[in-house]
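Survey of secondary and tertiary structure
Given next are the chains, with one letter for each unit.
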Amino acid sequence: MVNVDISNVWGAVSLPELLGREREVFDAHQKLRNHQAGGPDFLTWLAQPDHVLARWIHGIRRAAEQIVADSDLLLVCGVTEAALGARGAIDLYGGAKRNLLHSPQVYFVGGSLSSRQWLELSSLLEERDYSLLLVSPTGQDLGVNLTARGLRWMMERKYGAAAKNRIFVATKVGTPLHRMGQEEGYELFPLPRELGGAGSVFSAGGLIPMAVAGIDPLAVVEGAVEQYEAADIRSFENPAWLYAAARSVLSSKGRDREILCCFDHSLASLGRWWQRVTWMWQDQSTMLTPETALLPGDLTGLEALTRTGRVFETALHFAPIAKKVPVEMDWKDYDGLGFLSGRTWEDVERHAAEALVYTHTLAGTPLIDLDAGELTAEAVGGLFAFLELSSALTALLCGGDPFTPVTGPAVPAALNRLRDGEM
């Protein structure tokens, strides 16, 4: 379970202001669990019977085992929240430098139209065995489709008819991508139709890359289900309520920039996912803008932002790892940090975090603390479930509607001139 501490927001938010949102939060939660806009419930597919989840997890594990056996590298071609979340989970669990230390490597592609990046990717794949996972709820993402065309051509040239055994597709039933998978003989993983399902990190699009990277998909889903069930409390004892209500109140008071403060830089990719999820479900007139600060490197810029009066901070952390890293001795003490000799990096990080909380709170910058506990696969699942639910609640409280997420056109309007032969 994620624990939320809002004791450092009271300089900007009063207790009556927070409690005054209780009915709104209740209604928002009720709408998420009993969707009132003519669509399915939010993430209720996580509450399916055990035998259904077990069969689904078995398929994901089998695909991951095949990829590990066949390939040095998995390419995840997708720009959906599922792909972004998978990258965040892999970096968080395995470290941001995992691809340099472990095999098979997992690379995320499809978000760029850069010729230079395509040539770099092509060069990377020349002497490697690889598999491809296409992730797209709609099958209409421009960068994904262009990248997939090139990769499929390369794979067919390299592996011949056997290429189809290395291509996996996660999409909704009935999309052009689903039809392609059926006709070409690729292994298909239908994405859930429920709200928060197709783009969720807990779909096949997120769990297959995690499984390839060594994160047990069953443990991730179990952690998510546990968090999902625990978050059904209809009061401020629910951490998701606390976080969502505090965010919405702060946003309504002009603090519309939320800074995710991370001393562990492996959280950077998770921050990118969290930013996208927050953006997707909000109303444009009440936009809460999340950003990530990697500390202590970004501290100078962060100090400048806090002086605008528009910022509040969220500190996300896990329990310290078991292995302690000592601060090295330097007899000449050029940097003046000799007083830290004999202490651990963990000591320094903890005191730096405490100093950040103290000084920023004293200066009037609200700070919310999220404690995700021990870093396990279950905790990763629980954290993502917590953030998905609280982001949906925040969207409703800020006037948005996660039931109608923002979607772009299949082909940007500027490209219609190419289609019509005008360029």
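See the structure above.
Quick summary incoming for the structure in this document. Since the model is a prediction, treat every value here as computed from it, not as a measurement.

Observations regarding the packing of helix H3 (residues 50-70) against helix H10 (residues 217-230)
For the pair H3 and H10, interaxial distance at closest approach is 9 Å and the crossing angle is 145°. Two secondary-structure elements touch here, H3 through Trp56, Ile57, Ile60 and Arg61 and H10 through Pro217, Leu218 and Val221. Classifying every residue of the contact of H3 with H10 by side-chain character gives 6 nonpolar, no polar and 1 charged.

With respect to helix H13 (residues 299-306)
Since one α-helical turn is 3.6 residues long, residues separated by three or four positions face the same way. Those residues of H13 not exposed but buried are Leu302, Leu305 and Thr306. Viewed end-on, H13 has its buried residues packed into an arc of 95°, placing them on one side of the element. Buried residues along H13 sit against strand S7 (257-262), strand S8 (289-294), strand S9 (311-317) and helix H14 (345-362).

Details of the nonpolar core
Where a protein is soluble and globular, its nonpolar side chains tend to be buried together. If you look at the biggest cluster of nonpolar residues, it comprises 97 residues, and the most contacted ones within it are Phe202, Ile208, Ile368, Leu370, Leu383 and Leu387. Take this core: its biggest share by element is 14 residues, from helix H15 (residues 377-397). The residues touching Leu387, leaving out its near neighbours within four places in the chain, are Tyr243, Leu270, Trp273, Trp274 and Leu370. Judged by nonpolar contacts, the second largest core, of 21 residues, contains Leu151, Met154, Val169 and Met180.

Points about the sheet that holds S7
Spatially, S1-S10-S9-S7-S8 is the arrangement adopted by the 5 strands of the open sheet, whose pairing is mixed. Either end of the sheet is taken by a strand with one partner, and the two such strands are strand S1 (3-8) and S8. In this sheet, adjacent strand axes meet at a mean angle of 25° when their direction is disregarded. Sheet topology places S7 next to S9; 5 bridges connect them, and they run parallel. Along S9, the bridge assignment pairs Ile259 with Glu313. Across the sheet, helix H11 (residues 239-252) lies against S1, S7, S9 and strand S10 (367-371), angled at about 40° from S1, the strand it touches most.

Conventions we followed
Residues numbered from 1 in each chain as written. Predicted model: local features only at pLDDT ≥ 70, side-chain atom pairs only at ≥ 80, totals over all residues. Heavy atoms only, no water. Axes fitted to C-alpha atoms, helices over the stretch in contact; angles between N-to-C directions. Helix = DSSP H or I, 4+ residues; strand = E, 2+ residues; numbered from the N terminus. Contact = heavy atoms within 4.5 Å. Nonpolar A, V, L, I, M, F, W, Y, C, P; charged D, E, K, R; others polar. Buried < 20%, exposed > 50% of the residue type's maximum accessible area, 1.4 Å probe, protein only. Arc of directions from axis to C-beta. Core = buried A, V, L, I, M, F, W, Y, C linked by side-chain atoms within 4.5 Å. Pairing = 2+ DSSP bridges.

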